[in-house]
Amino acid sequence: MQFENTLLFAQDLDLNDPLKDYRDRFYFPQINGKDVIYFTGNSLGLQPKNAQDYVNEIMQDWRELAVEGHFYAEKPWWDYHERLAKPLAKIVGAKSSEISVMNTLTVNLHLLLVSFYRPTSKRFKIICEEKAFPSDQYMFQSQLRFHGIDPDEALIEIKKRDGEHFWRTEDITNKINEVGEELALVLIGGVNYYNGQVFDMKKITQAGKKVGAFVGWDLAHAAGNVELHLHEWDVDFAAWCSYKYMNSGPGNISGIFVHEAYLNQKDIPRFEGWWGTKKETRFLMKPEFEPMDNADAWQISNSPVIAVAPYLASLMVFEEAGMDALITKRKKIVAYLEFVLKSIANEVEGSFEIITPSDRGCQLSVLLHGEGKALFDYLIKNGVITDWREPNVIRLAPAPFYCSYEDMFRFGQILKSGILRS
């Protein structure tokens, strides 16, 4: 399609957008009395309008049933989380039995590494990307120190090539092969939070497994955003948060994937609690742990259903729209945003560049030249919510559920006026 950077063209794209009506299913903040142009679905998704109903249902059951809500609510609390497994399996490319919902992202990564980071005197090294999200970096370092291993010796960070803004897959697989039998774990963010790059998860997983390492993925910026086939790719484990592209609310509950090869194993290293033991005997209070035969075996405590409720609400919207349709729009709207940005760059030459490669999801990271945070502040004052990353990058994530093509055009005009303001 030949794009045009005009209001009429953008409005025509919206008119023919199969997902256009979903915009009305979300609440927008307002600035200057108007709905904002919202580019931070990669940080916190907007609230689905059905989320309050799901939370209210639990509050009503709690009020009217109290403890009996565990078993006699319309959606009984004791298995409430199980309702999320099937829709999540579709989103991440898994079997329902490989999915569970629990805790928060870094907590789950720590718990999963009990099972999937088992260092020996020979095989103890970890590969990740350079400047991984800080929480992942802290997690790696503390895990290594817990095992009595020096992070400076064992943590290998794959760097970008000089002068480039992205990682090359061959550099990652070559390093995996080089470390070889010393490699215990490969754990990378499936979509890099800073530049928006989507890693070749299939190829990297194959390389890691070939040398005998466990391979996991932090899918914080990937789940609900890009196409995933975790089971088919033979990924060992993965975890993600639910509050970015999946719109479950700030800091909300996390999801995990554990490949079926590790399910129904009683002797696998794992921190255990009573919600991971078999449902059939859980309330017999038996002294021995009998693991669930699915990923719920990694659960420790009973599910915080008030937190899970808005996640379920959002997943029902995903079920209705379908990931294929969302990915189709995501590709088109990001391409249109890129076109708008390049059109503006031609008018204000040398002011910024896009550092996100073509292997991307719902994010374009824009490196500003000669512009500081004052431009970011200008955008906010003019109704555009973006994300600033030091030293001079603005991240733009036009989530397909609620961003419009007209948003992209109007943003371009505001950006141009912000650059030319001085």
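Being a predicted model, the structure only gives us computed values, none of them experimental.

Draft legend 1. Summary view of empty space enclosed by the protein. Throughout the structure, instances matching the rule amount to two cavities of 30 Å³ or more. In this structure, the largest cavity spans a volume of roughly 50 Å³. Together, Gly-224, Tyr-245, Asn-247, Phe-318, Leu-326, Ala-399, Pro-400, Phe-401 and Tyr-402 line the largest cavity. Residue classes in the lining of the largest cavity are distributed as seven nonpolar, two polar and no charged. Within this model, the second largest cavity holds a volume of roughly 30 Å³. Val-366, Leu-368, Ile-394, Leu-396, Phe-411 and Leu-415 together form the lining of the second largest cavity.

Draft legend 2. Looking closely at the packing of aromatic side chains. Scanning all chains against the criterion turns up 27 aromatic pairs. With centroids separated by 5.0 Å and ring planes inclined at 85 degrees, the aromatic side chains of Phe-116 and Tyr-262 adopt a geometry described as edge-to-face. Taken together, the residues span a long stretch of sequence, with Phe-116 in helix H5 (residues 105-116) and Tyr-262 in the loop between strand S10 (254-258) and helix H10 (305-321) at a distance of 146 residues. For the pair formed by Phe-116 and Tyr-262, the shared burial category is buried. Each ring, one from Tyr-336 and one from Phe-339, has its centre 6.3 Å from the other, and the planes form 20 degrees; the classification is stacked. Taken together, the residues span about one helical turn, with Tyr-336 and Phe-339 both in helix H11 (residues 323-347) at a distance of three residues.

Draft legend 3. Structural context of the sheet that holds strand S4 (residues 99-102). Pairing is mixed across the open sheet formed by seven strands, whose spatial order is S4-S10-S9-S8-S7-S5-S6. The open sheet has two edge strands with one neighbour each: S4 and strand S6 (155-158). If you compare each strand with its neighbour and ignore which way they point, the axes differ by 20 degrees on average. As judged from the five bridges shared by strand S7 (residues 183-189) and strand S8 (residues 214-218), these two strands associate in the parallel manner. Bridge pairing in S8 links Leu-187 to Gly-216. Helix H6 (residues 134-146) rests against strand S5 (125-129), S6, S7 and S8 of the sheet, and its axis sits at about 155 degrees to S6. Along the sheet, helix H9 (residues 201-210) makes contact with S7 and S8, crossing S8 at roughly 150 degrees.

Rules used in this analysis
- Residues numbered from 1 in each chain as written.
- Predicted model: local features only at pLDDT ≥ 70, side-chain atom pairs only at ≥ 80, totals over all residues.
- Heavy atoms only, no water.
- 1 Å grid on protein atoms, 1.4 Å probe; cavity = no way out; pocket = protein on both sides within 12 Å on 5 of 7 lines; lining within 4 Å.
- Points joined across faces, edges and corners; volume = space filled by probe spheres on them.
- Nonpolar A, V, L, I, M, F, W, Y, C, P; charged D, E, K, R; others polar.
- Phe/Tyr/Trp six-rings, centres within 6.5 Å; stacked < 30°, edge-to-face > 60°.
- Helix = DSSP H or I, 4+ residues; strand = E, 2+ residues; numbered from the N terminus.
- Buried < 20%, exposed > 50% of the residue type's maximum accessible area, 1.4 Å probe, protein only.
- Pairing = 2+ DSSP bridges.
- Axes fitted to C-alpha atoms, helices over the stretch in contact; angles between N-to-C directions.
- Contact = heavy atoms within 4.5 Å.

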